[in-house]
Amino acid sequence: MNDLCRWYHFSSWAVLELNSPYTGGTTPFSEYVPAQRQYDEFRSSDGAVRSVWRPVSECLDALGAHGMQAAAEEVDRLVEESSANFRAPGGETSVSRPWQLSASPMVLDAATWEHLQAGLRQRVHVLEAVLRDLLGPQRLLKERVLPASLLSANPNFSRVYHNLPTLGHHITLAATDLARNHDGSWWVTGDRTRAPSGLGYALENRIITSRVFPKLIHASNVSRLASFFVTLQNHLNAVAPQNKENPRVAILTPGPQSYRYVEDAYLARYLGYTLVHGRDLAVRGHRLNLKTLDGLLPIDVLWRHVSDRKCDPLELDPTSTEGATGLLQTIRAGHVAVANSIGSSMAQMPALMPFLPAAAKFLFKEELRLPSLATYWCGGDNERAYVLEHLDELMLRSAFSITSRPPWVPAEMSAAQRSALIDHIRANPHRYVAQHRPARSTTPVWHDGRLHSWYAALRCFQVQTQHGIDVLPGGLVRVSPDAEPLDQSPTSGRLGQDCWIVGDEPVDQQTSLLPAPDKLLKLTRGGQALPSRVAENLYWLGRSAERTESIARLLRCTLSRIAGETEAFRVPELPRMVAALAALGQIEPGYAIAEMESKLPALEQQLPASLFDQDRPKGLRAGVIDMGEKAAAVHDRMSLDAYRIITQVAKHLSEQENEPDAATAMNQLDGIITDLQALSGLASESMTRTHGWRFLQLGRRIERAYQTAELLASTLVEPIHDERPLLASVMQVTDSLMTYRSRYMLQLQPLATIDLLINDVSNPRSIGFQLQQIVQLLSELPTDPTELSLGPDQQLACELAHEVRMSDPAELAEVTEDGRRDVLGGLLTQLIQLLPKTSDAIAARYLIHTDATQELTGRQRIGALPTSPEGREDAQDD
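Residues numbered from 1 in each chain as written. Predicted model: local features only at pLDDT ≥ 70, side-chain atom pairs only at ≥ 80, totals over all residues. Heavy atoms only, no water.

## Things to note about the pairing of strand S9 (residues 287–292)
Part 1 of the argument: Of all six residues in S9, five are buried, a share of seventy percent or more.
Part 2 of the argument: Both strand S8 (residues 281–284) and S9 contribute to a ladder of four bridges, which runs antiparallel. Within S9, the position partnered with Arg284 by the bridge is Arg287.
Part 3 of the argument: A loop of two residues connects S8 with S9, the two strands running antiparallel in sequence, and Gly285 in this loop sits at a positive phi of about 60°.
Part 4 of the argument: Strand direction decides the pairing type here: S9 and strand S10 (residues 295–298), joined by four bridges, are antiparallel. Bridge pairing in S10 places Asn289 opposite Pro298. (Buried < 20%, exposed > 50% of the residue type's maximum accessible area, 1.4 Å probe, protein only. Helix = DSSP H or I, 4+ residues; strand = E, 2+ residues; numbered from the N terminus. Pairing = 2+ DSSP bridges.)

## A short note on the sheet that holds strand S13 (residues 375–377)
Part 1 of the argument: The three strands lie next to each other as S13-S15-S14, forming an open sheet whose pairing is antiparallel. Since the sheet does not close on itself, it has two edges, and those belong to S13 and strand S14 (394–398), each with one partner. Averaged over all adjacent pairs, the angle separating strand axes in this sheet is 25°, with direction ignored.
Part 2 of the argument: With three bridges connecting them, S13 and strand S15 (residues 432–436) associate as antiparallel partners. (Axes fitted to C-alpha atoms, helices over the stretch in contact; angles between N-to-C directions.)

## Section: helix H30 (residues 822–847)
Residues spaced three or four apart along an α-helix point in a common direction, a consequence of the helix completing one turn every 3.6 residues.
Part 1 of the argument: Taking 1.5 Å as the rise per residue, H30 with 26 residues should run 38 Å; its terminal C-alpha atoms sit 36 Å apart, in good agreement.
Part 2 of the argument: Of all the bends found along H30, the most pronounced is centred on Leu834 and spans about 25°, while Pro836, a proline, follows it within four residues. (Expected span 1.5 Å × (residues − 1). Bend = angle between axes of the 7 residues up to and from the residue.)

## Overview of the pattern of salt bridges
Part 1 of the argument: The full count for this structure, using the stated rule, is 48 salt bridges.
Part 2 of the argument: As a salt-bridge pair, Glu703 and Arg543 come within 2.7 Å of each other at their nearest N and O atoms. Of this pair, Glu703 sits in helix H23 (residues 691–715) while Arg543 sits in helix H16 (residues 532–562), and the two are 160 residues apart along the sequence. The exposure classification of Glu703 matches that of Arg543, with both residues buried.
Part 3 of the argument: The network of salt bridges with common partners includes Glu546, Glu549, Arg553, Arg700, Arg704, Asp735 and Arg765. (Salt bridge = Lys/Arg side-chain N within 4 Å of Asp/Glu carboxyl O.)

## Overview of empty space enclosed by the protein
Part 1 of the argument: Considering all chains together, one arrives at six cavities of 30 Å³ or more under this definition.
Part 2 of the argument: What the largest cavity holds in volume is close to 130 Å³.
Part 3 of the argument: Forming the walls of the largest cavity are Glu546, Glu549, Ser550, Arg553, Leu584, Arg704, Gln707, Thr708, Leu711, Val733, Thr734 and Arg765.
Part 4 of the argument: Taken together, the residues of the lining of the largest cavity break down into three nonpolar, four polar and five charged.
Part 5 of the argument: Each pocket or cavity is described by its volume, and for the second largest cavity that value is around 70 Å³.
Part 6 of the argument: Residues belonging to the lining of the second largest cavity are distributed by class as follows: eight nonpolar, two polar and no charged. (1 Å grid on protein atoms, 1.4 Å probe; cavity = no way out; pocket = protein on both sides within 12 Å on 5 of 7 lines; lining within 4 Å. Points joined across faces, edges and corners; volume = space filled by probe spheres on them. Nonpolar A, V, L, I, M, F, W, Y, C, P; charged D, E, K, R; others polar.)

## A closer look at the packing of helix H3 (residues 54–82) against helix H7 (residues 199–212)
Part 1 of the argument: The geometry of H3 relative to H7 is characterised by a closest axis approach of 10 Å and an angle of 135° between their N-to-C directions. One way to sum up the angle between H3 and H7 is to call them oblique. Along this stretch, H3 crosses H7, giving a crossing that reads as right-handed. Contacts from Ala71, Glu74, Val75, Arg77, Leu78, Val79, Glu81 and Ser82 of H3 reach H7 at Glu204, Ile208, Arg211 and Val212.
Part 2 of the argument: Looking at the contact of H3 with H7 residue by residue, the class counts come to six nonpolar, one polar and five charged. (Parallel < 35°, antiparallel > 145°, perpendicular 65-115°, else oblique. Left-handed = near helix turned anticlockwise from the far one by under 90°. Contact = heavy atoms within 4.5 Å.)

## Some thoughts on unusual backbone geometry
Part 1 of the argument: Following Ala339, the chain continues to Asn340 via a peptide bond in cis, the omega torsion being -15°.
Part 2 of the argument: Mapped onto the elements of the fold, Asn340 is located in the loop between strand S12 (337–339) and helix H12 (356–364).
Part 3 of the argument: Although it is not a glycine, Gln138 sits at a positive phi angle of roughly 60°.
Part 4 of the argument: Within the fold, Gln138 resides in the loop between helix H4 (110–134) and helix H5 (139–142).
Part 5 of the argument: A positive phi angle, close to 60°, is found at Lys365, a residue other than glycine.
Part 6 of the argument: For Lys365, the position within the fold is in the loop between H12 and S13.

## Here we look at the sheet that holds S8
Backbone hydrogen bonds hold the strands of a sheet together, and the pairing may be parallel or antiparallel.
Part 1 of the argument: With antiparallel pairing, three strands are arranged side by side in an open sheet as S8-S9-S10. Edge strands, defined here as strands with exactly one partner in the open sheet, are S8 and S10. Neighbour-to-neighbour, the strand axes of the sheet open up by a mean angle of 45°, direction not taken into account.

## Thoughts on the environment of Arg616
Part 1 of the argument: With respect to the helices and strands, Arg616 occurs in the loop between helix H19 (603–610) and helix H20 (620–633).
Part 2 of the argument: For the pair formed by Arg616 and Gly585, sequence separation is 31 residues and the distance between their alpha carbons is 6.7 Å.
Part 3 of the argument: Setting aside chain neighbours within four positions, we find Arg616 in contact with Gly585, Gln586, Ile587, Glu588 and Ala622.
Part 4 of the argument: There is a polar contact of 2.7 Å between the side chain of Arg616 and the side chain of Glu588. (Polar contact = N/O pair within 3.5 Å; in protein donor to acceptor, adjacent residues only side chain to side chain.)

Read these as spatial facts, not as claims about activity.
Take a look at the structure:
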């Protein structure tokens, strides 16, 4: 064991988890067997370990299988803790799944990387020149270096892209997909020039592996990623048309339903940028602005992750809600820099790949250092004839769009399918390209307790600045036991890997994304400007969290009565608690009607099962799901701790037992309530008092007042014979029992209960306290200075607060001759009716700020949009 391994062996966290150091037996890499006839990253053809791998493999072998498995479990824990989910592309049917990362890295030596780096820089240089020409003078078309039909037959091309000005380069960020041939040479399998995805996951991979193997990474001279992101930040600042010292940079995301949303939120948080949706933007006076509660704020740089055709519904796709109306006018006026430029998808179409070598020769008199995978565009007669003759050796793709759909593989088709494909090719040859399946190298992958030889796909990232092209050291690695999934998309595959570029010299440890400490800073308070979309999601997050907690507390209390020693029919308060559950939408309303209850499934079985019922829009499960959706929509605005808590709440209901019993259900409810209390405490103690906090609190206060009013209306308006058990249950549900006992000991009376839960503003669970807070929060929100009177939301809130403040607890507790508390019932009915109206008034005043998208006139759009699935640019997978 060398000195490095000995040092790492006895200092690594993984080894410390073992009772004793690993002392013998087989080691992980000694059992590794590479695949036959493939280039293997770890072993050469003669079976020897490649020199770049030796120090790394020796150190990992020193951990033994037990230590490696501990490292893998730590990786899984950190991925889960980061809440890094991945929505596989495919539209509304896509499924969100956790990002999966192998503990073992892919390792490349510095010499290999130097060769790749030079080729990647050249390729971006060529793609930029080709794109600038296609969207400008079009010499390549005039000189017949490229066929004109690459644009004329391209359903994704629009004439508005032509001569559209750009501040800086057309391509700011590019990605290149690579595969390694049998002889160790590299092939480019695809380019991404529109809005490359995966950069955030590559960063996340490095952050996690550096936490698991910090000393090994440092001692192995693994190149750091920070300098790449510093270059990206500096460049985006430099291209800003104004405010270059501190420009407002926004990341335009397609939204939570996009496969890339989690990554967009992660990058926004890491780089300190504002994450925006199309509905957050407005163009005024040829300036792009962020709509906030405090007014419009200018955006200087827009890093867009939205497809070209969806960026501006005025001049491109009129149905789009992902872009900003008038964005192209703002670009022409030179008031905003957009990265990558609109129209940059023209450089990533697969049909361009076979012509790229000729373009490099024509433009720069150079051969491509990194050759492309053999690609045949069927729009050429000779190429089409070759494809039809060698159909079984090829796979076919869309010529103009990069999608997540798997390629067509004629060798795997039936005779009828093959015949139909041939007919399609002959009818529309320009729509298809054919490629040979790329050979792929294999690399060691730790999975299921041992190392496997899996196929690898590498995506590299390049940022182009005014000073040159910088390449991210490493990239995004995806691995799979089968090569076919990697041919579909680099975001497919079973696992991710961190890519280590190992050098002989110590790497830079000083570069940081933090600004220089001596930079002048203007003090400010109040937090970030709040888009009304974010305010809306925080508001409904607060309501969902409070509704979930209220129902969970009521369910737990009810289940404890059912599971107790007393038979259910002898529990006097049970019918009223069941009625409250029905009123809140957790169970069938029939359970609150004695005549119907006997015809329904037994309550003992129905209540535990109701925890998992997704068909009730106001039930517990729906509340938990809504919390997750609202939190995901403001992922970049939430602390990691808050997001982890919300994720943890959902896990309590993630696995449904066949027949959950009352005890199991109560345990799950305990976990949910505890986590929600932690979330409430975090919001109270860690959130600055900005408008975001106020809307979160507004949602909580309105929902708590409403839920409490519904609970009291179902339990106390029509008193039962002996109310003491019911009063205790109501106070247990509202988390007020300890306060009551500290005041009145064991004397349970309706008057004191009603006063504590309605009138007592010192009780943070009372309705009076909620209304007092609502009035205060609304008074702190921005208002139109020309409005001298209270807004409709404030008027309703003040009215309700006044009604509660003026109510007499003794009158509320009084029972009339007909056996009802009519005054209490009237007040609760007023609350139940007016609280939703108050919520609607708040939404109308602050949260509803965009109208439905409509086509302005019968204006003829420039550049026809495609109707066939294979041509749709919005289906592209970046």
